[in-house]
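Structure assessment
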Amino acid sequence: MSAPRPPSALSTTQPEIQVIRLHKAGGGMGLSIVAAKGAGQERLGIYIKSVVPGGAADRDGRLAAGDQLLSVDGQSLLGITQEKAAEFLQRTSSVVTLEVAKAGAVYHGLATLLQQPSPTPHR
């Protein structure tokens, strides 16, 4: 059991909510996501772990690691698994509408989660 985070680890300002229309131009969005539950959250949230260089999100420039994805094309991503969120993101058309809480990971005390390497399969 880990010790509770000191209040200084949390941001006191509410994340800015933005609606971003992303044009995929034939490829994927170029996002790596992670599901996590932060301080004060009752349900899992979906966070951007990284933005793939050269991908649609990178070219657009408005999404960043640590942003929380709240919905995709009107479908809420709150309380669902990482696998389900990935499925929703893959099913999108060439123009995607994302509702995003900017720097949501920092607000919920999850900044360190984003700095951990992605798990790799062991053989």
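For the structure, see preceding data.
Residues numbered from 1 in each chain as written. Predicted model: local features only at pLDDT ≥ 70, side-chain atom pairs only at ≥ 80, totals over all residues. Heavy atoms only, no water.

1. Quick look at the pattern of salt bridges
So the rule is basically this: Each salt bridge in this description consists of a side-chain nitrogen of Lys or Arg and a carboxyl oxygen of Asp or Glu lying within 4 Å of one another. Partly exposed describes any residue whose relative accessible area lies between the buried limit of under 20% and the exposed limit of over 50%, with all areas from a 1.4 Å probe on protein chains only and scaled to the type maximum.
As enumerated under the stated definition, the model contains four salt bridges in all. Across the salt bridge formed by D60 and R62, the nearest N and O atoms sit 2.8 Å from each other. Note on D60: relative accessible area 28%, which makes it partly exposed. Residue R62 is classed as partly exposed on the basis of its relative accessible area, which comes to 36%. Between R91 and E87 there is a salt bridge, and its shortest N-O distance comes to 2.4 Å. You can call R91 exposed: its relative accessible area is 58%. With relative accessibility at 29%, the residue E87 sits in the partly exposed group. Residues participating in the shared-partner salt-bridge network are K84, E87 and R91.

2. Quick word on the pairing of strand β3 (residues 45–51)
Two faces belong to every sheet, and in a regular strand the side chains alternate between them. Note the cut-off: For helices the rule is a DSSP run of H or I covering at least 4 residues; for strands it is a run of E covering at least 2, with both sets numbered from the N terminus onward. Think of it this way: DSSP has to see at least two bridges between two strands before they count as a pair.
Within β3, five of the seven residues are buried, which leaves it mostly tucked inside the rest of the structure. Where strand β2 (residues 31–36) and β3 come together, six bridges link them in antiparallel fashion. Paired with S32 across the bridge in β3 is S50. Two elements, β3 and strand β4 (residues 68–72), share two bridges in a ladder whose sense is antiparallel. Bridge pairing links Y47 to Q68 in β4.

3. Describing the layout of surface pockets
Left-over empty space is what a probe sized like a water molecule reveals as it rolls over the atoms. So the rule is basically this: Any residue with an atom within 4 Å of a point lines the site, the site being either a cavity, points on a 1 Å grid over the protein atoms alone where a 1.4 Å probe fits but cannot get out, or a pocket, an open set with protein on both sides within 12 Å along at least 5 of 7 lines. Grid points are joined across faces, edges and corners, and a volume is the space filled by probe spheres set on the points. Following the grouping adopted for this structure description, the nonpolar residues are Ala, Val, Leu, Ile, Met, Phe, Trp, Tyr, Cys and Pro, the charged ones are Asp, Glu, Lys and Arg, and the polar ones are all others, Gly among them.
The computed volume of the largest pocket comes to approximately 180 Å³. Lining the largest pocket are 14 residues, with Q41, Q68, L70, L78 and H108 positioned closest to its centre. Quantified by volume, the second largest pocket comes out at close to 150 Å³. Forming the boundary of the second largest pocket are K24, G28, M29, G30, L31, I33, A86, L89 and Q90. Elements with a contribution of two residues or more to the lining of the second largest pocket: β2 and α2 (82–90). With three residues, α2 is the single largest residue contributor to the lining of the second largest pocket. Residue classes in the lining of the second largest pocket are distributed as five nonpolar, three polar and one charged.

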